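So the chains spell out like this:
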Amino acid sequence: SSPAATATTLTDQTPPPAPAGLTAIAVTSTRIDLQWSPVTDPESGIRTYRVYRDGALIDSAATPALADSGLVPGTTYTYEVAAVNGAGLEGARSDPASARTPSDQDGDLVVHTTTSGTGIPAQFTVQLNKDAFIETQSIAPSGTVVWNGLVPQEYHVRLIDLPQNCTVPAGNARPVTIVAGTTVETTFVITCE
């Protein structure tokens, strides 16, 4: 036999890459859910993910998701995530993602459509406006769209670019009054010929 030889494997000196695809979604007035794509590290694997809110470390997660709760209503938060590998090296932070928690003083609007007849288009466009505030959303012929976090006041909602063969017998343009902390619903009944 030859003389014995020993060797020590090198420790991982390469930090993992930054996580990609970070999203932040406000699910309640006090909670934001985060998700991102998993990171791989072929040398030592991924041990954990560190989550930063507004630049400060707030938590760690074993999987690429985290629910951040106990937040302040009506506040915008910005998040970043970094992966930590098996050697304890923290990689670069992800691109930031932001979300605003709805305010208890804000209100929500839910718009429904119900369509009957023939020649029904694939979708309609709903417009919500108040002075300089104008937003539109596409809606299915029998569908629903939602506006969250609206300042309480009177708005005008209507279907725009309505095909000539479709009408709203009860009236297209209508006022809706948003009340703090409540959800207001309105339905457009559409007839197409």
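Nothing here was measured: the structure is a model prediction, and the numbers come from that model.

Parameters and conventions
Residues numbered from 1 in each chain as written. Predicted model: local features only at pLDDT ≥ 70, side-chain atom pairs only at ≥ 80, totals over all residues. Heavy atoms only, no water. Helix = DSSP H or I, 4+ residues; strand = E, 2+ residues; numbered from the N terminus. Buried < 20%, exposed > 50% of the residue type's maximum accessible area, 1.4 Å probe, protein only. Polar contact = N/O pair within 3.5 Å; in protein donor to acceptor, adjacent residues only side chain to side chain. Phe/Tyr/Trp six-rings, centres within 6.5 Å; stacked < 30°, edge-to-face > 60°. Salt bridge = Lys/Arg side-chain N within 4 Å of Asp/Glu carboxyl O. Disulfide = S-S within 2.5 Å.

Within the secondary structure, Asn85 sits in strand β6 (residues 76-85). Classification of Asn85 by relative accessible area gives buried; the value is 0%. Here Thr14 takes part through its backbone oxygen, which lies 3.1 Å from a polar atom of the side chain of Asn85. Among the polar contacts made by the side chain of Asn85, one reaches the side chain of Asp41 at a distance of 3.0 Å.

Our focus in this paragraph is the packing of aromatic side chains. Following the criterion strictly, the structure yields two aromatic pairs and no others. A centroid spacing of 5.5 Å and a plane angle of 70° characterise the contact between Trp36 and Tyr49, whose relative ring orientation is edge-to-face. With Trp36 in the loop between β2 (31-35) and β3 (46-53) and Tyr49 in strand β3, this residue pair connects regions lying 13 residues apart in the sequence. Each member of the pair, Trp36 as well as Tyr49, carries the same accessibility label: buried. A centroid spacing of 5.8 Å and a plane angle of 70° characterise the contact between Phe133 and Tyr155, whose relative ring orientation is edge-to-face. Here Tyr155 lies in strand β12 (residues 154-160) and Phe133 lies in strand β10 (residues 133-139), a separation of 22 residues in the sequence. By relative accessible area, Phe133 is classed as partly exposed at 28%.

The subject of this paragraph is the pattern of salt bridges. As enumerated under the stated definition, the model contains five salt bridges in all. In this structure, the salt-bridge partner of Glu80 is Arg93, at a minimum N-O distance of 3.4 Å. Of this pair, Glu80 sits in strand β6 while Arg93 sits in the loop between β6 and β7 (97-100), and the two are 13 residues apart along the sequence.

Attention shifts here to the state of the cysteines. All told, the structure shown has one disulfide when counted by the stated rule. Cys166 shares a disulfide with Cys192; S-S distance 2.1 Å. On the sign convention where negative is left-handed, the bridge of Cys166 and Cys192, at about 105° about the S-S bond, is right-handed. Placement of Cys166 in strand β13 (residues 166-167) and of Cys192 in strand β15 (residues 183-192) is noted, with a sequence separation of 26 residues between them. We classify Cys166 as buried; its relative accessible area is 4%.

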